[in-house]
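Single-letter residue listing:
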Amino acid sequence: MEYSKDIILGINYKNEKKGQAKKKIKHKLLISICTLCFALIVLDFVLVYKFIALLQTLV
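Residues numbered from 1 in each chain as written. Predicted model: local features only at pLDDT ≥ 70, side-chain atom pairs only at ≥ 80, totals over all residues. Heavy atoms only, no water.

Is there a simple way to explain the overall build of the protein in this structure?
On a plain count of helices and strands, the protein comes out with two helices and zero strands. The buried share of the protein, reckoned over its 59 residues, is 2%. (Helix = DSSP H or I, 4+ residues; strand = E, 2+ residues; numbered from the N terminus. Buried < 20%, exposed > 50% of the residue type's maximum accessible area, 1.4 Å probe, protein only.)

Looking at this model, I keep getting lost on the state of the cysteines. Mind explaining?
The term disulfide refers to a covalent linkage connecting the sulfur atoms of a pair of cysteines. Following the criterion strictly, the structure yields zero disulfides and no others. Here Cys34 stays unpaired: no disulfide links it, and the sulfur of Cys37, its closest cysteine neighbor, is 6.6 Å away. We classify Cys34 as partly exposed; its relative accessible area is 47%. What makes Cys37 partly exposed here is its relative accessible area of 40%. (Disulfide = S-S within 2.5 Å.)

So this is what it looks like as structure tokens:
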């Protein structure tokens, strides 16, 4: 009886294994993006600092 109610009502039960696997992939992607952004920010600061130092030697 419960099986037929689920089909009629269209209830979809979550599968925990699939959800956890998707969360791990999502977290890995988020961490990768954050790491890349942090590396680019550091690179930007270094390049700006070196550019300002170069301008000061020319003046």
